[in-house]
Amino acid sequence: MQKTVLKIQGLHCASCKAVIEDIATEFPEIKSANVDVAGGTATVEHDESFDITKFVKEINNMGQYKVLS
């Protein structure tokens, strides 16, 4: 299992947290995603073989969020 921390621009509220965490459920390789709105980060626990850029693309495609790292 691997943990990746993503810096996400555009997080403002509990609804933002829910949206990002819901996107994570679309990927069976992601075991958990915890969004910290105040810190502007998402900590994602996933299979080592998972290409995290797939998750990043989904977030960026929403238009209101931008993954910075």
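Just above, that's the structure.
Heads up: these notes are all about the structure in this document.

Calculation criteria
Residues numbered from 1 in each chain as written. Predicted model: local features only at pLDDT ≥ 70, side-chain atom pairs only at ≥ 80, totals over all residues. Heavy atoms only, no water. Pairing = 2+ DSSP bridges. Helix = DSSP H or I, 4+ residues; strand = E, 2+ residues; numbered from the N terminus. Contact = heavy atoms within 4.5 Å. Axes fitted to C-alpha atoms, helices over the stretch in contact; angles between N-to-C directions.

Looking now at the sheet that holds strand β4 (residues 66-67). Strand-to-strand pairing in sheets goes through backbone hydrogen bonds, with the strands running parallel or antiparallel. Pairing is antiparallel across the open sheet formed by four strands, whose spatial order is β2-β3-β1-β4. Edge positions in the sheet fall to β2 (30-36) and β4, since each has one partner strand and no second. In the sheet, strand β1 (residues 2-9) pairs with strand β3 (residues 41-46) via six bridges, with the strands oriented antiparallel. From the neighbouring strand, Leu 6 faces β3, where its bridge partner is Ala 42. Sitting on the sheet, helix α1 (residues 14-24) is in contact with β1 and β2, with an inclination near 165 degrees to β2.

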